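Understanding the architecture of this molecule
Okay, here's what each chain looks like letter by letter:
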Amino acid sequence: MEIKQISIFKEFKCIAKECPINCCSNIWKIPIDPDMYTKYLNEKGLWGLLLRCLTMKRRGIATFRNTFRGCPFWGADHLCSIQKKHGTSYMPVVCIQFPRQLYNLKFFCEETLFLACPEAARLFLASAAGNKPFEFTVTEGSISYEVNTTNDDREFLDYLLKARDELIMMLESGVSFDSMAILHYGQDSQNACLGKTPLPSPLDYESWEHYQMTCEKIDKWLFNGFYHPRLRTISPLLYQLCRKYIRKFGFQGRRNPCAAAKKLSVLQESLYAKMPDLEIISNRYYEYFLLTDFLDIYEDYSFSKHLLFGIAKTHLLRLFIALYAEDQEAIDPREIATVMAVYERRAQQIFSSIS
């Protein structure tokens, strides 16, 4: 199998107890793969009894029974007690792989890093700020993870690969991540998928217009699944940032959209002063989105929705960083990485509100 690894993939190393938002904490329920769950059920002795007591199965999905701190095997030293005592032989696959994203497209695999991990986010920011390209290194080898698609149209997949390269070329040439040229390309590609026109090239599009972010759009993205009062316990930092947005813009955005838009603009300008490379980071973030998410179109053919999702996702990241940095004189890259990671853990919820 041809395996394509993104340039920062091999640079990643878990920083364990030094991590500011450990993936074992009370962010997610930890899913357990079927083979490992069967192993837990058949394990003998006190160790087997403990494993069975601390796992549950609901709607066909096995997970650990989270405590108020998160995974029950997350120790007071912020390390995994399973790994410390037994190595990886009793760890679920997701625990071993995270934050690695392993995407099997039948014809080849792509291996990237999920930016929901602060160390992965830090590696992304270091490459983006240093103007290092995100490139795939191609090797051949055997893989153990399953196919992630039901599609087998190689011609369409090759088109998507070429289109992704061309979109990245546009970003590198100075086109902004929120250029309407990207959305116009997406709309025409969507029509082409309906059999109306041939599939176009992104390089045929240009526009001086930008997709406008308004409080009305932000509210739609945030309050249709992204924000939930339970964030207070499962993601305290993200909860605080959401509440701050609600206090500053929520009510005013509905009563006086123009005044809210001005306040939003002032907030963004204050972030520019603290992050002079904000536009560069934003474009590189959208580029990374293309490298990790664009091929999802291979499954659902939703060009417009995916491209707009990336734009909305990038705009909201900028908003959360701006809210975090508002009361600070400066913001450190590690702080940005932490905000990015907590945001990434929830960002997929925005997709359902994109239309």
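Description of the structure in this document. (Residues numbered from 1 in each chain as written. Predicted model: local features only at pLDDT ≥ 70, side-chain atom pairs only at ≥ 80, totals over all residues. Heavy atoms only, no water.)

Overall, the coordinates contain 28 aromatic pairs when judged by the stated rule. Ring geometry for Tyr185 and Phe303: centres 6.2 Å apart, planes at 90°, overall edge-to-face. In this pair, Tyr185 sits in helix 7 (residues 180-193) while Phe303 sits in helix 14 (residues 303-325), placing the two residues 118 residues apart along the sequence. Here the two residues Tyr185 and Phe303 agree in accessibility, since each one is buried. With 6.4 Å between their ring centres and 70° between their planes, Phe294 and Phe303 make a pair best called edge-to-face. For the pair Phe294 and Phe303, one class covers both residues: buried. Members of the aromatic cluster, connected to one another through ring pairs, are Phe156, Tyr159, Tyr185, Tyr205, Phe294, Tyr298, Tyr301 and Phe303. (Phe/Tyr/Trp six-rings, centres within 6.5 Å; stacked < 30°, edge-to-face > 60°. Helix = DSSP H or I, 4+ residues; strand = E, 2+ residues; numbered from the N terminus. Buried < 20%, exposed > 50% of the residue type's maximum accessible area, 1.4 Å probe, protein only.)

Opposite charge on two side chains lets them pair, provided their charged atoms get close. All told, the structure shown has eleven salt bridges when counted by the stated rule. When the shortest N-O distance is used, the salt bridge between Glu326 and Lys248 registers 3.0 Å. Note that Glu326 is positioned in the loop between helix 14 and helix 15 (333-347) and Lys248 in helix 10 (residues 236-255), a separation of 78 residues in sequence. According to the relative accessible area criterion, Glu326 is partly exposed, its value standing at 25%. The shortest N-O distance in the salt bridge between Lys313 and Glu344 comes to 3.4 Å. Placement of the pair is Lys313 in helix 14 and Glu344 in helix 15, with a sequence separation of 31 residues. Accessibility expressed as a relative area gives 7% for Glu344, which makes it buried. (Salt bridge = Lys/Arg side-chain N within 4 Å of Asp/Glu carboxyl O.)

Let's shift gears to the state of the cysteines. Counted according to the given criterion, the structure contains zero disulfides. Free of any disulfide, Cys215 has its nearest neighbouring cysteine sulfur in Cys258, separated by 11 Å. (Disulfide = S-S within 2.5 Å.)

Counting residues in each nonpolar core, the largest one holds 94 residues, and the members touching the most others are Phe294, Phe320 and Ile350. Per-element accounting of this core gives the leading share, 14 residues, to helix 14. The contacts of Phe320, once residues within four sequence positions are left out, are Leu222, Phe226, Leu238, Leu241, Cys242, Val339 and Tyr343. Judged by nonpolar contacts, the second largest core, of 17 residues, contains Tyr40, Trp47, Ala62 and Tyr90. (Core = buried A, V, L, I, M, F, W, Y, C linked by side-chain atoms within 4.5 Å. Contact = heavy atoms within 4.5 Å.)

Right, let's get into empty space enclosed by the protein. Under the counting rule described, the total for this entry stands at one cavity of 30 Å³ or more. Roughly 50 Å³ of volume is contained in the largest cavity. In terms of lining residues, the largest cavity is bounded by Leu278, Ile281, Ser282, Tyr285, Thr314, Leu317, Arg318 and Ile321. Taken together, the elements giving at least two residues each to the lining of the largest cavity come down to helix 12 (278-293) and helix 14. (1 Å grid on protein atoms, 1.4 Å probe; cavity = no way out; pocket = protein on both sides within 12 Å on 5 of 7 lines; lining within 4 Å. Points joined across faces, edges and corners; volume = space filled by probe spheres on them.)

Within strand 6 (residues 109-113), five of the five residues are buried, which leaves it mostly tucked inside the rest of the structure. Of the two faces of strand 6, the one holding Cys109, Glu111 and Leu113 and the one holding Glu110 and Thr112 are both buried throughout. Where strand 1 (residues 2-6) meets strand 6, three bridges bridge the pair, whose relative direction is parallel. Bridging across to strand 6, Ile3 finds its partner in Cys109. (Pairing = 2+ DSSP bridges.)

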